[in-house]
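# A look at the structure
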Amino acid sequence: MINTLTRLRSQRCLAQEMGRIFYQACVRKDLESFRLVGVINVLATPRTLIRVRHVSTSCALCAKVRGFQKKKDLSEKKLTRHFVDHRNVKLIAGAGGKGACTFHSEPRKEWGGPDGGNGGDGGNIIIKVDRQIKSLAQVSTVYKADDGESGGNKNCYGRNASSTYISVPMGTVVKDQGRTVADLSQHGLEYVAVFGGSGGKGNRFFLSNENRAPLTATPGESGQERLLQLELRTMAHAGLVGFPNAGKSSLLRAISNAKPAVAAYPFTTLNPHVGIVKYRDHEQVAVADIPGIIHGAHLNRGLGISFLRHIERCRFLLFVLDLASPEPWTQLHQLRYELNQYEPGLSNRPHAIVANKMDLPGARGNLEALRSHVSQRVIPVSALTGQNTEELILHLRELYDGYLQGESTGEDRPTRW
């Protein structure tokens, strides 16, 4: 018996020693030590179970080598999926809690009377402006507020439900069946879209001299239910208006801190971009790159009305013309026609004419012809080389200062960014 225990103890110690050697081989990356592991199969009998402890499969020998991959920039097509400027939402406010029907009872007070409390009010749904949000993509299609708690005995009232907030970007317009009910154009503005239902009354509420033991308790009222349309209109001081591939995105990159997608091949911007032009006196002017307008945009062709409404909030306009195309003055007439067809008088706002792509051949001759056909000031620039962009930035400040002076007479103040 003693010999058997001694033999089993020695085999167990041998198994532990082999496990320790295998562990050290994994840690020290000693490939030669793996040959010693084969000794386990020779010394161990079929009836002996050898347990190898402290073996990690996360060591460097077992781990898979993975290279560091840099995150790729999102393409213009993928960026469009994250930008939403129209959303239909269904809002359901919370219902009020029901009232309680209870009677007070305790020793030496058998007829304590009714003590049922009222229910709590349901939660409201509030639309609130947040300047950190730039799109309606985070807005869900259905919102349901919390219900109020029911009343309890001992005259305990139910708790009112908290309000549900929907964060929207600046420039969001709330419509109900096509009628504008709220214009959220400043940070922090709130609009109570639906109100929660009132809580029910407990039987304590119905106590009177004529009815000393009321058995009546009312349920809570249902919350309001409403279907609203949210439309985002870009909040910017100036808007770049032009046909596709006129160089609006390149121009916005040249004068502001925005980084819209540009490439060496023709394509059009699919969502608005807003850039900030900073001046030495710490004044900031917001410039929006409106997606390209095509012929018949007021009839909802192309991107159509879905992006024409972004121009409504711009205080002044910058018509960007492609000087490489023949007869660039016709582009100006067509752009004004599309704007006036969408909203009469929209093209009469303070504006400037920007002659872009001056670095291309033939642009000098088209510039002289353009100035002979229009009476407004024409600013020749090259968004690619940055030629004469300083004159555009200074003129943009003149338009902004003139707008401030006009608003000081009593109209709405501009939005400070």
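Keep in mind it's a predicted model, so treat the numbers as computed, not measured.

### Some details on the overall build of the protein chain
Across its full length, the protein chain carries 8 helices and 14 strands. In the protein chain, once contacts between residues fewer than 6 apart in sequence are set aside, the share between residues at least 24 apart is 71%. Taken as a whole, the protein chain presents about 24,300 Å² of accessible surface, with 50% of it coming from carbon and sulfur.

### Here's the deal with the packing of aromatic side chains
Here the structure, examined in full by the defined rule, presents 1 aromatic pair. Taken together, a centroid distance of 5.3 Å and an interplanar angle of 90° make the contact between phenylalanine 205 and phenylalanine 206 edge-to-face. Sitting above the plane of the tyrosine 165 ring, lysine 128 keeps its charged end 5.9 Å from the centroid.

### Some details on the pairing of strand E10 (residues 273-278)
Across a regular strand the side chains alternate sides, sitting on one face of the sheet and then on the other. Strand direction decides the pairing type here: E10 and strand E11 (residues 284-289), joined by 6 bridges, are antiparallel. Bridge pairing in E11 links lysine 278 to glutamine 284. The hairpin turn running from E10 into E11, its antiparallel successor, is 5 residues long, and histidine 282 in that turn takes a positive phi close to 70°.

### As for helix H6 (residues 329-342)
For H6, which comprises 14 residues, the first-to-last C-alpha distance of 21 Å matches the rise-based estimate of 20 Å (1.5 Å per residue) to within 8%. Taken together, the buried positions of H6 are Trp329, Gln331, Leu332, Leu335, Arg336, Glu338 and Leu339.

### Quick notes on the sheet that holds strand E7 (residues 190-194)
Pairing is mixed across the open sheet formed by 3 strands, whose spatial order is E4-E2-E7. Taken across any chain shown, the strands that pair with only one partner, and hence form the sheet edges, are strand E4 (164-168) and E7. Ignoring strand direction, the axes of neighbouring strands in this sheet form an average angle of 30°. By the bridge criterion, 4 bridges tie strand E2 (residues 125-129) to E7 in an arrangement that is antiparallel. In the strand pairing of E7, isoleucine 127 is matched with tyrosine 191.

### A look at the sheet that holds strand E6 (residues 179-184)
Pairing is mixed in the open sheet, where 5 strands are placed in the order E3-E1-E8-E5-E6. The sheet is open, and its two edges are formed by strand E3 (142-144) and E6, each paired on a single side. Within this sheet the neighbouring strands show an average axis-to-axis angle of 25°, counted without direction.

### Structural notes on the pairing of strand E8 (residues 225-232)
For strand E1 (residues 86-92) and E8, the ladder comprises 7 bridges, and the chain directions are antiparallel. Across the sheet, leucine 91 pairs through a bridge with arginine 226, a residue of E8. Relative to E8, strand E5 (residues 172-176) runs antiparallel, the two being bridged by 4 bridges. Looking at E8, one finds that valine 174 is bridged to leucine 230.

### A word on unusual backbone geometry
Positive phi, normally seen in glycine, also occurs at lysine 357, with a value near 65°. At asparagine 388, a position not held by glycine, the phi torsion is positive, near 65°. You can see asparagine 388 is positioned in the loop between strand E14 (378-380) and helix H8 (389-407).

### What to know about the nonpolar core
In terms of nonpolar packing, the biggest core is built from 27 residues, with Ile311, Leu323, Leu339 and Leu370 touching the most fellow members. Listed by contribution, the elements that provide at least two residues to this core are E11, strand E12 (316-322), H6, strand E13 (351-356) and helix H7 (363-373). When residues in this core are grouped by element, the largest group, 4 residues, is from H6. With 24 residues, the next largest nonpolar core counts Ala383, Leu396, Tyr403 and Leu404 among its residues.

### Overview of the pattern of salt bridges
Counted according to the given criterion, the structure contains 10 salt bridges. Of the charged contacts in the structure, one is a salt bridge between arginine 226 and aspartate 176, with a shortest N-O distance of 3.3 Å. On the criterion of sequence distance, the pair formed by arginine 226 in strand E8 and aspartate 176 in strand E5 is long-range, its members being 50 residues apart. Here the salt bridges share partners, and the residues they tie into one network are Asp281, Arg397 and Asp401.

### Quick notes on the side chain of glutamine 229
Relative to the assigned elements, glutamine 229 resides in strand E8. A polar contact is formed between the side chain of glutamine 229 and the backbone nitrogen of glutamine 177, at a distance of 3.2 Å. Those residues in contact with glutamine 229 that lie beyond four places of it in its chain are His86, Arg87, Asn88, Val173, Val174, Lys175, Asp176, Gln177 and Gly178.

### Considerations on the environment of proline 244
Turning to its location among the elements, proline 244 is positioned in the loop between strand E9 (238-241) and helix H4 (248-255). Separated by 78 residues in sequence, proline 244 and aspartate 322 have C-alpha atoms that sit 9.5 Å apart.

Calculation notes
- Residues numbered from 1 in each chain as written.
- Predicted model: local features only at pLDDT ≥ 70, side-chain atom pairs only at ≥ 80, totals over all residues.
- Heavy atoms only, no water.
- Helix = DSSP H or I, 4+ residues; strand = E, 2+ residues; numbered from the N terminus.
- Contact = heavy atoms within 4.5 Å.
- Areas by Shrake-Rupley, 256 points an atom, 1.4 Å probe, with all protein chains shown as cover.
- Phe/Tyr/Trp six-rings, centres within 6.5 Å; stacked < 30°, edge-to-face > 60°.
- Lys NZ or Arg CZ within 6 Å of the ring centre and 35° of its normal.
- Pairing = 2+ DSSP bridges.
- Expected span 1.5 Å × (residues − 1).
- Buried < 20%, exposed > 50% of the residue type's maximum accessible area, 1.4 Å probe, protein only.
- Axes fitted to C-alpha atoms, helices over the stretch in contact; angles between N-to-C directions.
- Core = buried A, V, L, I, M, F, W, Y, C linked by side-chain atoms within 4.5 Å.
- Salt bridge = Lys/Arg side-chain N within 4 Å of Asp/Glu carboxyl O.
- Polar contact = N/O pair within 3.5 Å; in protein donor to acceptor, adjacent residues only side chain to side chain.

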